[in-house]
Amino acid sequence: MKTTVKRTLSLLLAAASMASVLTACGSKDSAAADTSADTQAASASADASDLGPVLTHIKESGEMVIATASGYMPYEFVDISSANQDVIGVDMALGDKIIEKLSDKLGVEVKKKVEDTTFTANLAAVAADQVDIMLAGMSPTEERKQNMDFSDVYLKAEQRIMVRKADADSYKDIDSFNGKTIAVQKNTTQEKIAQGSMPGVSVTSMEKIPLAVLELTTNKADGVVIESTVAQPYLIANPDLVLCDAEFPEDVRYKDTAIAVPKGNEDFLELINETIKECQDAGLIDQWIDEYSSIAADQNAG
């Protein structure tokens, strides 16, 4: 009888001990799981807090809002052959590559939203943080850097003067335009060059390049200050137009083109610069210039 009681007590003690061990293990496992979950949550929170304002907005909204001004071929122009009248061009192709990299970095599918207005409106929008990025064939001037940040330069071009072919022999230098009328796009480096480096000219500023070119083709202007890359589609489509021999001074002759973003978004700029280098190394930007110049010329000629 005593033996039976002892065995029973031993079994009860063993069971209690085992239950205690299992409970302790369960608590440790639960605590470990809770700690792991907390760590993951903290990590996710840290990742989100590490993003600048623009990347945070893009991740939350699932779209990148682009400010642009169509009519600046081959950088950006309306594809009149598309059902939705999409804006296409070198800048939009580069924007698509940036979106691909954003989608990988943020872990979400990022879509493109294009705000197609005027160049003047674009400048105001990016300075006021109303858009995520400005892709509009823009030069990163010191004045603009006060209100926005810029990427690395992705394209260089020469500032030229486009004239009617019949008048080309009359314009051998800048002084030849004294007393003439020059058309430009408003709020651009071309406008500043016409105003500051062409003494004696009357400057007509238009909201978009096609309107400036129209001033030339309808004999309301004698020339258009235009960058060489943008001139190509017009020259291809209109054999009556040429770039004259007159050259601007060295300090204003060449134009750098970069991407603008609202200030305080260094992480976004880093991603953009990586994309620009990849596209340049692959020869894509030169390829896009040729491709979209031809498309723009065909549409303009039609």
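Note that this is a predicted model, so its numbers are computed, not measured.

Asks: Break down the packing of aromatic side chains for me, with residues and values.
Replies: The relative placement of two aromatic rings is captured by the distance of their centres and the angle of their planes. If you walk through the whole model with that rule in mind, you get three aromatic pairs. A centroid spacing of 6.4 Å and a plane angle of 70 degrees characterise the contact between Phe 77 and Tyr 292, whose relative ring orientation is edge-to-face. Linking Phe 77 in strand E2 (residues 77-78) with Tyr 292 in helix H11 (residues 284-301), this pair joins segments that are 215 residues apart in sequence. On the basis of relative accessibility, which here comes to 3%, the residue Phe 77 falls in the buried class. Residue class for Tyr 292 comes out buried when judged on its relative accessible area of 13%.

Asks: Before we move on, could you go through the nonpolar core and cite the residues and values that matter?
Replies: In this structure, Met 64, Ile 98, Leu 102, Ile 133 and Phe 268 are the most contacted members of the largest nonpolar core, which totals 55 residues. Considering every element that reaches this core, the biggest residue donor is helix H3 (residues 90-106), with eight residues. If we ignore the near neighbours within four places in the chain, the residues touching Phe 268 are Val 54, Leu 55, Ile 58, Met 64, Ile 98, Leu 102, Asp 132, Ile 133 and Val 261. The next biggest cluster of nonpolar side chains, apart from the first, holds 17 residues, and it includes Phe 177, Val 184, Val 225 and Ala 246.

Asks: If you had to explain helix H10 (residues 266-281) to someone new, which residues and values would you point to?
Replies: Given 3.6 residues per turn, any residue in an α-helix points the same way as the ones three and four places further on. Taking 1.5 Å per residue, 16 residues should reach 22 Å; H10 reaches 22 Å between its end C-alpha atoms and fits that length. Where H10 is concerned, the buried positions are Phe 268, Leu 269, Leu 271, Ile 272, Asn 273, Thr 275, Ile 276 and Cys 279. Of the residues one or two after H10, Gly 283 is the one with positive phi, at around 75 degrees.

Criteria and cut-off values
- Residues numbered from 1 in each chain as written.
- Predicted model: local features only at pLDDT ≥ 70, side-chain atom pairs only at ≥ 80, totals over all residues.
- Heavy atoms only, no water.
- Phe/Tyr/Trp six-rings, centres within 6.5 Å; stacked < 30°, edge-to-face > 60°.
- Helix = DSSP H or I, 4+ residues; strand = E, 2+ residues; numbered from the N terminus.
- Buried < 20%, exposed > 50% of the residue type's maximum accessible area, 1.4 Å probe, protein only.
- Core = buried A, V, L, I, M, F, W, Y, C linked by side-chain atoms within 4.5 Å.
- Contact = heavy atoms within 4.5 Å.
- Expected span 1.5 Å × (residues − 1).

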